[in-house]
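So the chains spell out like this:
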Amino acid sequence: MTPQLIDPFARAVTYLRVSVTDRCDFRCVYCMSENMTFLPKKELLTLEELERMCTTFIGLGVEKLRITGGEPLVRKGIMTFFQSMTRHLDSGALKELTLTTNGSQLERFAGDLYAAGVRRVNVSLDTLDEEKFARVTRWGRLAQVLRGIDAAQAAGLRIKINAVALKDFNEDELFTLTEWCAARDIDLTFIEVMPMGDLGNEDRVGQYWSLNDVRRQLAETYTLIDLAERTGGPARYVRLEESGQKIGFITPLSHNFCESCNRVRMTCTGELYMCLGQEDMADLRPALREHPDDDAPLIAAIHKAIGLKPKGHDFDYSRQRPDGQVSRHMSHTGG
Ligand code: SAM
Ligand code: SF4
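This write-up is about the structure you can find in this document. Please read these numbers as outputs of a predicted model, since none were measured by experiment.

1. Focus: the site of ligand 2
Stage number 1. Near ligand 2 you find C24, F26, C28, C31, M32, G70 and N102, and these make up its full shell.
Stage number 2. Residues belonging to the shell around ligand 2 are distributed by class as follows: five nonpolar, two polar and no charged.

Put into structure tokens, the structure is as follows:
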């Protein structure tokens, strides 16, 4: 299908990330505060509304759908939503249906996800140390996530681990994580910590471990081959010659990737964020709710929003304070 969502900078929007809940069974320190106030349930798009919204985007040329949150697999009935997207995979309109999860519910849902047409899953995992895992997620248990990863692999899902690089936290696990993934044929991507949410007393500049440094350390042990592969996002990839594994680096702070940006993000209430690093958003919910039998107003609202997609973001740690910071938490827009 010819993409229909073209922004003012001639970028085609073909990738939609959808947060299906702001809730989560973990409280990762860089993502949420311990006492989060969540949205009242009536604010959330229902599963049927999510289905209609995604179907509309797919009709406008979106080929890749990533479901995220909060924790997407804690949303009640979420498998119904995944199953409702299968027909778009079958028709060929949707090329990929995937999700980002903390892995806590994968043991339960891996088989159903595969059956719905999901083939790849990103699992967030920053450490393989039980005590550190409990510390960084506050409420998570490592063993449960590892069982989830095993179940997903057994179901035929390809796993990519996303690890947030945190200074003085998982610096010493760079090689453990790399080797653990290699042994399980799992891809690994490191993410720089981003200045999201209310900093409060958390020192996010202090948490920042540059991926240039991660890369340099890896290069002391492995031969890194740069891969040309780009996904339109902030990730760059290398292959480790010795193990053959692929390692990704998501560096929204150290590199500008905006020129190839092909994505937009929708919150669980139907707000469309055209850029992860900007406050600008368009609320699509009124067009959806007020016209239950007519998609035209929703389509018009989507086109209008895409017309406002900014050229890029302004994150910058270079002056030792997180400039360009946006006030919402990552769990709101789904990362
Ligand atoms: N709950 C799911 C999970 O953890 O994978 C999906 C939502 S979570 C918000 C998506 C991703 O954002 C996770 O990989 C998480 O590590 C990452 N993330 C959250 N806060 C972040 C921050 N301040 N900087 C960088 N990455 C962050
Ligand atoms: Fe939950 Fe994911 Fe945020 Fe952790 S990163 S608190 S698992 S939404």
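2. Structural notes on the side chain of D7
Stage number 1. With respect to the helices and strands, D7 occurs in the segment before β1 (15-19).
Stage number 2. Among the polar contacts made by the side chain of D7, one reaches the side chain of R11 at a distance of 2.6 Å.
Stage number 3. Ignoring anything within four residues of it in the chain, the contact list for D7 reads I306 and K309.

3. Looking at helix α10 (residues 296-306)
What sets the pattern is the α-helix's 3.6 residues per turn: residues three or four places apart point alike.
Stage number 1. Within the sequence span of α10, burial applies to L298, I302, A305 and I306. One side of α10 carries all its buried residues, which in axial view fall inside an arc of 95°.
Stage number 2. Packing partners of the buried residues in α10 comprise α1 (47-59), β10 (263-266), β11 (271-273), β12 (281-283) and α9 (285-289).

4. A word on the environment of T189
Stage number 1. Here T189 shows up in strand β6 (residues 187-192).
Stage number 2. In the structure, T189 is positioned 29 residues away from K160 in sequence and 7.2 Å away in space, judged by C-alpha atoms.

5. Looking at the site of ligand 1
Stage number 1. With respect to spatial proximity, 17 residues lie near ligand 1, and among them Y30, G70, E71, S124 and M194 are the closest.
Stage number 2. Between G70 and ligand 1, the recorded distance is 3.0 Å, taken from a backbone N or O atom to a nitrogen atom.
Stage number 3. Between ligand 1 and S124 there is a distance of 2.5 Å, counted from an oxygen atom to a side-chain nitrogen or oxygen.
Stage number 4. Only β3 (96-101) and β6 provide two or more residues apiece to the shell around ligand 1.
Stage number 5. Among the residues forming the shell around ligand 1, the class breakdown is seven nonpolar, eight polar and two charged.

6. Digging into the sheet that holds strand β4 (residues 120-124)
Stage number 1. Ordered in space as β7-β8-β9-β6-β5-β4-β3-β2-β1-β10-β11-β12, the 12 strands form an open sheet in which the pairing is mixed. Among the strands making up the open sheet, the edge pair consists of β7 (224-227) and β12. Neighbour-to-neighbour, the strand axes of this sheet turn through a mean angle of 25°, independent of strand direction.
Stage number 2. Sheet analysis places β1 next to β10, joined by four bridges and oriented parallel. Its bridge partner lying in β10, V18 is registered against M266.

Reading the values: rules and limits
Residues numbered from 1 in each chain as written. Chains lettered and ligands numbered in written order. Predicted model: local features only at pLDDT ≥ 70, side-chain atom pairs only at ≥ 80, totals over all residues. Heavy atoms only, no water. Near = heavy atom within 4 Å. Nonpolar A, V, L, I, M, F, W, Y, C, P; charged D, E, K, R; others polar. Helix = DSSP H or I, 4+ residues; strand = E, 2+ residues; numbered from the N terminus. Polar contact = N/O pair within 3.5 Å; in protein donor to acceptor, adjacent residues only side chain to side chain. Contact = heavy atoms within 4.5 Å. Buried < 20%, exposed > 50% of the residue type's maximum accessible area, 1.4 Å probe, protein only. Arc of directions from axis to C-beta. Pairing = 2+ DSSP bridges. Axes fitted to C-alpha atoms, helices over the stretch in contact; angles between N-to-C directions.

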